[in-house]
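Reading the structure
The lines below spell out each chain.
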Amino acid sequence: MTELHAYLQQHQMNKVKFAFADLDGVLRGKFISLQKLEDTLTHGCGFCDVVFGWDSSDRLYENADTVTGWHTGFPDQICHIDLQTFRPIPWQQGIPFLLADFSQSPAGEAACPRSLLKRIIAKATGLGYTPRFAQEFEWFNFNETPASLQEKNFTDLQPLTPGMFGYSILRTSQQFDFVQTLFDELTDFNIPIEGLHTETGPGVYEAAIAHDTTLVAADKAVMFKTAVKELASRFGITASFMAKWNLQLPGCSGHVHQSFWDEKQTVNLFADASQPHGMSQLMQHYIAGQLYCLPHIMPMYAPTINSYKRLVTGAWAPTTVSWGFENRTTAIRVINPYAKATRVEMRVPGADSNPYLAIAASLASGLYGIQNKLALELPATVGNAYAQSDLQQLPYTLEMAAVAMQQSELAKEILGEKFVQHFTQTRLHECRQQDESDANWELKRYFEII
């Protein structure tokens, strides 16, 4: 609080900006005055709870009235700002930005993604572990604006650059001002980037965010997507995190990297040189838990109808319950070049995933494996997982995945019954939004906002 007050006084600021993530990972928030900030820090801030009663297009959920709806009158619920998330926005004159959540309100248990993640982190720290996470994203960039997208009805979209050009130094050099702005201003926004490069596809980039403690990592991932969109717009560019905007092109992933450390964060508990492949018993239990839970919680990783168009054979995305060493055809990739870098990469999430939910699902399922001492009985997949018919297939539609999660006692055990009830109802609502009469309905729904 002292740091924030000093910053506001030094820079003669009269407002701050705060936001929280809804179930789709969309940041909802507002600017508030300094007087309002003082009151908010003391009493919390009332916010209309419709933000947990509508979808990414502001359409009210049908049959998802566990949290709010017309029957409640859409009252305010109290959110609380987390001062530890304070950072100036470099591209908005240094205006302070903060994140909030509803952990102390009824919505916190059933609908607030950040509150869910905080509860699961508490389980891990209660067992003496310090989980560290990082999410990396792929996204497409277009020479389009919100106005041009509407005028063109989302047809004949112009990518930032033509051709596939994966890992191209040429393409990033040709867009040097944009690339430099992304790298430098995201880092100045306290979202340090480890690497930024083109991926295969016209105008597609990938960025890896530096790993951090779990909640901080999730906060950075949530802010990253909105920050990229804001920075891109300065160049007349629209950045899209759709999982699969074009069926003829690769999809966009949101892989989640994770490891467990001791309380001092000096020892990677996933590494054990005495074990085969340097994988500790803890890491094996963790992977076993993730594999066991995966079919029960797929909507946490793949939350939209469009998500499942990425999860197809030969598209650099998993289709099976599988794991392997440095294997990019499996759901889980074990990366273990040396002890410090030993980690699990969950490859199911797309760029359209809500980071709080994808990370919460990964952590909760891994903890389930640890607490139940699940053995890693499934052999590591060697070679092409797509070609191995004995592997369990993942759900291949949102409806299939949402029904499975809704009926799963396991999902309710690891995530909470109220959350599972509300979240799966919102996903089934999402299924009902499909408009088969409009060939571009997915682009209209997900392209810019998700």
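Preceding block: the structure.
These remarks concern the structure in this document. (Residues numbered from 1 in each chain as written. Predicted model: local features only at pLDDT ≥ 70, side-chain atom pairs only at ≥ 80, totals over all residues. Heavy atoms only, no water.)

All right, on to the pattern of salt bridges then. All told, the structure shown has 21 salt bridges when counted by the stated rule. Residue D438 pairs with K444 through a salt bridge whose shortest N-O separation is 2.7 Å. Salt bridges here are not isolated pairs; linked through shared partners, they connect D82, D101, R114, K118 and D219. (Salt bridge = Lys/Arg side-chain N within 4 Å of Asp/Glu carboxyl O.)

Time to look at unusual backbone geometry. What you tend to see is this: most non-glycine residues have negative phi, and most peptide bonds are trans. At H277, a residue that is not glycine, the phi angle is positive and equals roughly 65°. Checked against the element boundaries, H277 lands in the loop between β11 (256-261) and α9 (281-293). Unusually for a residue other than glycine, E326 sits at a positive phi of about 50°. Its location among the elements puts E326 in the loop between β12 (323-325) and β13 (332-335). (Helix = DSSP H or I, 4+ residues; strand = E, 2+ residues; numbered from the N terminus.)

This brings us to the pairing of β11. Most of β11 sits inside the fold, with six of its six residues counted as buried. The side-chain alternation of β11 yields two buried faces, one formed by V256, Q258 and F260 and the other by H257, S259 and W261. Two strands pair when backbone bridges link them, and strand β6 (residues 130-142) and β11 are joined in this way by six bridges, in the antiparallel orientation. Across the sheet, A134 pairs through a bridge with H257, a residue of β11. Of the pairings in the sheet, the one linking β11 to strand β14 (residues 343-346) comprises three bridges and is antiparallel in character. Along β14, the bridge assignment pairs H257 with E345. (Buried < 20%, exposed > 50% of the residue type's maximum accessible area, 1.4 Å probe, protein only. Pairing = 2+ DSSP bridges.)

Let us look at the packing of helix α8 (residues 214-233) against helix α12 (residues 355-371). At a closest axis distance of 8 Å, the pairing of α8 and α12 adopts a crossing angle of 150°. By crossing handedness, the relation of α8 to α12 is classed as right-handed. Facing α8, whose interface residues are T214, L215, A218, D219, A221 and V222, α12 presents P355, Y356, I359 and L363. Tallied by class, residues from the contact of α8 with α12 come to eight nonpolar, one polar and one charged. (Axes fitted to C-alpha atoms, helices over the stretch in contact; angles between N-to-C directions. Left-handed = near helix turned anticlockwise from the far one by under 90°. Contact = heavy atoms within 4.5 Å. Nonpolar A, V, L, I, M, F, W, Y, C, P; charged D, E, K, R; others polar.)

So, about helix α13 (residues 398-406). Because each turn of an α-helix spans 3.6 residues, side chains separated by three or four positions in sequence point in the same direction. Listing the buried residues of α13 in full gives L398, A401, A402 and M405. Down the axis of α13, the buried set is contained in an arc of 95°. They therefore lie on one face. In this fold, the buried residues of α13 make contact with α10 (298-301), α11 (307-310), α14 (409-415) and α15 (417-432). (Arc of directions from axis to C-beta.)

The next thing to look at is the environment of T130. Counting through the fold element by element, T130 comes out in strand β6. Classification of T130 as buried rests on a relative accessible area of 12%. Distance from T130 to K225, taken between C-alpha atoms, is 25 Å for residues 95 residues apart in sequence. Setting aside residues up to four positions removed in sequence, T130 forms contacts with T213, S259, F260, W261, D262, E263 and Q265. A polar side-chain atom of T130 sits 3.2 Å from the main-chain carbonyl oxygen of D262. (Polar contact = N/O pair within 3.5 Å; in protein donor to acceptor, adjacent residues only side chain to side chain.)

What follows is about the nonpolar core. If you look at the biggest cluster of nonpolar residues, it comprises 113 residues, and the most contacted ones within it are W139, F224, I287, M300, L415 and F419. Apart from the residues within four sequence positions on either side, L415 is in contact with L116, R119, I120, I297, M300, A364, M405 and V420. If you look at the next biggest cluster of nonpolar residues, it comprises 27 residues, including L37, F52, V67 and I81. (Core = buried A, V, L, I, M, F, W, Y, C linked by side-chain atoms within 4.5 Å.)

To continue, consider the environment of I95. Mapping I95 onto the fold places it in strand β5 (residues 95-101). Using a relative accessible area of 8% as the deciding quantity, one classes I95 as buried. As for I95 and K15, which are separated by 80 residues in sequence, their C-alpha atoms are 7.4 Å apart.

In spatial order, the strands read β2-β1-β5-β4-β3; together these five strands make up an open sheet with mixed pairing. In this open sheet, the two strands that pair with only one neighbour each are β2 (27-33) and β3 (45-48). Sheet twist, expressed as the mean angle between neighbouring strand axes with direction ignored, is 40°. Bridge count between strand β1 (residues 15-21) and β2: seven bridges; the pairing is antiparallel. Its bridge partner lying in β2, K15 is registered against S33.

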